[in-house]
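If you want the building blocks of each chain, they are given just below.
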Amino acid sequence: MLIDSHAHLDSPRYAEDREALLHRAWDAGVRTILSIGIGEGPETMHQALEISRQYKDQPEIPRIFASAGIHPHEASLADDAAYAKLDQLLQQPEVIACGEIGLDYYYDNSPRDIQKAAFRRQMEIAAARQQPIIIHCRPSENSTNAWDDTLDLLEAQWKRTGLGGILHCFTGEWDHARRALDAGFLISFAGNITFPKAQPIRDAASQVPLDCILVETDAPFLAPVPNRGKRNEPAFVREVAAKLAELRQIDSEAAASRTTENFHRFFGTAPQLES
Ligand SMILES: [Zn+2]
Ligand SMILES: [Zn+2]
């Protein structure tokens, strides 16, 4: 039984075959997906929730939870209407987290001070609604700048809430993971854990306590080897779990079940019983 803790099921790249893709995920053993609700900007951040509702209780389709948030790329589009919409979405029962939010200094699609302001404001909204947060963090090339700023903000503003969250698609160093773990976060690894040059990510994945690890695809992006470069999809989370198993010297089923347990324990959600 596998979980994909981070997939963009609302991507337009799935418009033609979303249902078939969900069946493929089921056939691969995926029973739960967290559908990330950033849309293509605040205007469409409700789409993940709609997908969660659309496929609810369908046979041979994983259970789909949703999040809602304003990605740092779109921070400059965050106005009062967007924050009000986010607040509304966070009150829906299918929405179990605020995200992905954070800082992206690699693309700098929004100015950094605006990214920080949107990040902080969303942490306030999430705290008021008692929702954990999903963090996107990407520093500039050969730098840890976004990690330093993200962790400083989490420690200053978020840690005290006790709500924790997920560091998604972790690419930092062990020290960043350790600070996040101290702040109540789970660390989620994505398909780049399989890339030949990603030894630092594998080193971190070897050290994070097994009860604090999740796996994800970040589909449609970042397909793991052997599908690297193709459109990613939740079924491929199997390759991420297999690589994690190899690193931790446990079998694939154990990696799958441990990460699934971690998700449900953290969110207080119930796993689907049948296999
Ligand atoms: Zn991200
Ligand atoms: Zn994402």
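Keep in mind that what you see is a predicted model, and the values were worked out from it rather than measured.

A. Representation of the sheet that holds strand S3 (residues 63–68) in the model. Sheet architecture is open: 8 strands sit in the order S1-S2-S3-S4-S5-S6-S7-S8, paired in parallel fashion. Single-partner strands in this sheet number two, and they are strand S1 (2–7) and strand S8 (213–215). Strand-to-strand twist in this sheet, taken as the mean axis angle between neighbours without regard to direction, amounts to 30°. The pairing of strand S2 (residues 30–35) with S3 spans 4 bridges and is classified as parallel. The partner of Ser35 across the bridge, within S3, is Ala66. Helix-sheet contacts for helix H4 (residues 112–128) involve strand S4 (95–104) and strand S5 (133–138), and the interaxial angle to S4 is about 160°. The strands touched by helix H8 (residues 237–248) are S1, S2, strand S7 (185–189) and S8; relative to S8, the strand with the most contacts, the crossing angle is about 145°.

B. Examining the coordination of the zinc ion (ligand 1) more closely. Coordination of the zinc ion (ligand 1) by the protein is provided by Glu100 (OE), His136 (ND1) and His168 (NE2), with metal-donor distances spanning 1.9 to 2.1 Å. Counting along the primary sequence, the residues that act as donors to the zinc ion (ligand 1) give the motif E-x35-H-x31-H. Between the two metals, the zinc ion (ligand 1) and the zinc ion (ligand 2), the spacing is 3.5 Å, and Glu100 donates to both. Of the two residues, Glu100 is situated in strand S4 and His168 in the loop between strand S6 (165–167) and helix H6 (174–182); the sequence distance between them amounts to 68 residues. When its relative accessible area of 3% is taken as the criterion, His168 is described as buried.

C. Region of the structure containing the UniProt feature "binding site: a divalent metal cation 2" (unreviewed entry) in the chain. Per the UniProt record, the feature "binding site: a divalent metal cation 2" (unreviewed entry) sits at His136 and His168. Maximum C-alpha separation among the annotated residues is 6.0 Å over a sequence range of 33 residues, consistent with a single clustered spot. Considered against the largest pocket, the annotated residues that line it turn out to be His136 and His168. Counting through the fold element by element, His136 comes out in strand S5. On the accessibility criterion, His136 (13% relative accessible area) is buried. If we ignore the near neighbours within four places in the chain, the residues touching His136 are His71, Pro72, Glu100, Ile101, Gly102, Leu103, Asp104 and His168.

So, how was this worked out
Chains are numbered independently. Their residues run from 1 in the order of the written sequence. All chains are assigned letters beginning at A, and all ligands numbers beginning at 1, according to the order in which they are written. Totals for whole chains, interfaces and linings use every residue, but because this is a predicted model, local features are given only for residues with pLDDT of at least 70 and side-chain atom pairs only at 80 or more, for both listing and counting. Hydrogens and water molecules were not included; the side-chain quantities draw on all heavy atoms of the structure. One bridge is not enough; two strands pair if DSSP finds at least two bridges between them. Secondary structure elements follow DSSP: runs of H or I no shorter than four residues count as helices, runs of E no shorter than two count as strands, and numbering proceeds from the N terminus. Fitted lines through C-alpha atoms serve as axes, helices being fitted only where they are in contact, and the angles separating the N-to-C directions of these axes extend from 0 to 180 degrees. Working rule for contacts: check all heavy atoms of both residues, and any pair within 4.5 Å makes them a contact. Excluding water, the donors of a metal are its N, O and S neighbours within 2.8 Å, or within 3.2 Å for Na, K and Ca, and that exclusion means sites may look incomplete. Only protein chains enter the calculation, and the probe is 1.4 Å; a residue is then buried if its accessible area is under 20% of its type maximum, exposed if over 50%, and partly exposed in between. UniProt positions are given in the numbering used here, feature names are shortened, and annotations may be inferred rather than shown by experiment. Cavity: a set of points on a 1 Å grid over the protein atoms alone where a 1.4 Å probe fits but cannot get out. Pocket: an open set with protein on both sides within 12 Å along at least five of seven lines, its lining residues, like those of a cavity, having an atom within 4 Å of a point.

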